[in-house]
Amino acid sequence: MGETGPEAGAAVAAAPVTVTATDLKQWAYCPRIPFYRYVLPVRPTPTYKMRRGKDVQAAVEALERRRGFRAYGMREGERRFGLWLQSDRLGLSGKLDLLILTPEACYPVDFKDTEGGPRRNHRLQVAAYALLAEEAFARPAPDGFIYLVPEKRVVSLALTEADRNGVRSAIVELRRMMEREELPPPTSLRSRCEVCEFRNYCGDIW
Ligand code: SF4
């Protein structure tokens with residue numbers, strides 16, 4: 001559900017910068033969030049959702065260990081929880097909630113404590129994990145999954161070449177923003193700002 005990225009402040013000084021899958025998700029949600037995390041950087045106000053994250057992770061892991069693979073459309077596999085993945089080639093890293101391995105393929109699973117189904121930024125994050133897992137385990141990741149915690153439901157995502165290219169483009173754009181240290185435009189969805197931990201720093205949008 002989350003991961004610790006490059007140390008705030010240090011990331012912009014070194015090149016090339018390694019970004020995390022969570023950074024890409026946040027970049028697609030609102031490009032100002034990685035700016036505040038890495039370029040300024042500032043200390044966010046913890047939200048209820050951030051505080052709840054670790055409890056949810058533990059509960060979902062316990063549930064996952066007990067059940068089979070039918071929800072993923074598989075008969076069997078090997079589960080790896082909390083897997084740290086890194087690719088120097090991509091300049092990308094991330095801590096994946098769960099990876100399911102079969103002899104032929106690998107399938108990233110991201111736990112999301114969110115309502116309303118997977119969104120575009122969630123898909124980007126899962127595709128980023130897929131690229132990392134493919135490189136680390138030398139086998140394809142044809143699908144990824146999002147486990148929607150409130151609904152206890154697994155959603156399957158068929159990962160396309162467009163998804164993979166979207167990850168590569170987002171890495172380039174995010175790095176460019178860090179190097180130029182330019183404040184990006186805000187998200188156009190103002191409802192996101194109402195629950196944002198950085199809302200105190202976006203005085204221009206209210
Ligand atoms: S308050 Fe809105 S514009 Fe500012 S960082 Fe948060 S989501 Fe983005």
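Small disclaimer: the values here were computed from a predicted structure and weren't measured.

Structural notes on the overall build of the chain
When helices and strands are counted, the chain shows seven helices and six strands. Each helix and strand of the chain, ordered N terminal to C terminal, gives the series α-β-α-α-α-β-β-β-α-β-β-α-α. Counting over 206 residues, the chain shows a buried share of 32%. For the chain, restricting intrachain contacts to residue pairs at least 6 apart in sequence, the fraction spanning at least 24 positions comes to 69%.

Comments concerning the site of the ligand
By nearness alone, every residue bordering the ligand is listed as Cys-30, Arg-32, Ile-33, Pro-186, Thr-187, Arg-192, Cys-193, Cys-196, Phe-198, Arg-199, Cys-202 and Ile-205. Residue composition of the shell around the ligand, by class: eight nonpolar, one polar and three charged.

Section: helix α5 (residues 120–137)
With 18 residues, α5 ought to run about 26 Å at 1.5 Å a step, and its terminal C-alpha atoms sit 26 Å apart, in line with that. The buried count for α5 comes to 13 of 18 residues, which makes it a mostly enclosed element.

Topic: helix α3 (residues 32–39)
For α3, a buried count of eight out of eight residues is recorded, marking the element as mostly surrounded by other parts of the structure. Within α3, burial applies to Arg-32, Ile-33, Pro-34, Phe-35, Tyr-36, Arg-37, Tyr-38 and Val-39.

Details of the packing of α5 against helix α6 (residues 161–180)
The packing of two helices is summarised by the inter-axis angle and the distance between the axes. With their axes 9 Å apart at the nearest point, α5 and α6 run at an angle of 95° to one another. Classified by the interaxial angle, the pair formed by α5 and α6 is roughly perpendicular. Between α5, through Arg-123, Leu-124, Ala-127, Ala-128 and Leu-131, and α6, the contact on the second element is made entirely by Asp-163, Arg-164, Gly-166, Val-167 and Ala-170. Taken together, the residues of the contact of α5 with α6 sort by class into six nonpolar, one polar and three charged.

What about the pairing of strand β5 (residues 143–148)?
Pairing of strand β4 (residues 106–112) with β5 involves four bridges; the strand directions are parallel. Bridging across to β5, Lys-112 finds its partner in Leu-148. Handedness of the crossover joining β4 and β5 through α5: right-handed. Sheet topology places β5 next to strand β6 (residues 153–158); six bridges connect them, and they run antiparallel. Across the sheet, residue Ile-146 finds its bridge partner in β6, namely Val-155. Counted between consecutive antiparallel strands, the loop separating β5 from β6 contains four residues, among which Lys-152 sits at a positive phi close to 50°.

Section: unusual backbone geometry
The residue Ala-138 is not glycine, and still its phi comes out positive at about 50°. Classification of Ala-138 as exposed rests on a count of 8 C-beta atoms within 10 Å. Phi at Glu-181 takes a positive value of approximately 55°, unusual for a residue other than glycine. Within the element layout of this structure, Glu-181 appears in the loop between α6 and α7 (190–194).

Here's the deal with the confidence of the model for the chain
Chain-level statistics for the chain give a pLDDT mean of 88 and a share of 88% at 70 or above. Here residues 6–13 scores under 50 on pLDDT; set against residues more than four positions off or in separate chains, the count is 16 contacts.

What about the nonpolar core?
With 43 residues, the main nonpolar core has Leu-24, Ala-128 and Tyr-129 as its most contacted residues. Every element with two or more residues in this core is listed here: α2 (21–29), α3, β3 (92–101), β4, α5, β5 and α6. Tallying contributions element by element places α5 first for this core, with nine residues. Residue contacts for Tyr-129: discarding those within four places in its chain leaves Ala-21, Leu-85, Gly-94, Leu-96, Pro-108, Asp-110 and Gly-144.

Notes on the environment of Tyr-201
Relative to the helices and strands, Tyr-201 resides in the segment after α7. Since 16 C-beta atoms lie within 10 Å of it, Tyr-201 is described here as partly exposed. Setting aside its immediate chain neighbours within four residues, Tyr-201 contacts Tyr-36 and Val-42.

The rules behind each value
- Residues numbered from 1 in each chain as written.
- Predicted model: local features only at pLDDT ≥ 70, side-chain atom pairs only at ≥ 80, totals over all residues.
- Helix = DSSP H or I, 4+ residues; strand = E, 2+ residues; numbered from the N terminus.
- Buried ≥ 20, exposed ≤ 12 C-beta atoms within 10 Å, placed from the backbone.
- Contact = placed C-beta atoms within 7 Å.
- Near = placed C-beta within 6 Å.
- Nonpolar A, V, L, I, M, F, W, Y, C, P; charged D, E, K, R; others polar.
- Expected span 1.5 Å × (residues − 1).
- Axes fitted to C-alpha atoms, helices over the stretch in contact; angles between N-to-C directions.
- Parallel < 35°, antiparallel > 145°, perpendicular 65-115°, else oblique.
- Pairing = 2+ DSSP bridges.
- Right-handed = clockwise from strand over helix to strand, strands pointing away.
- pLDDT = per-residue confidence, 0-100.
- Core = buried A, V, L, I, M, F, W, Y, C linked by C-beta atoms within 7 Å.

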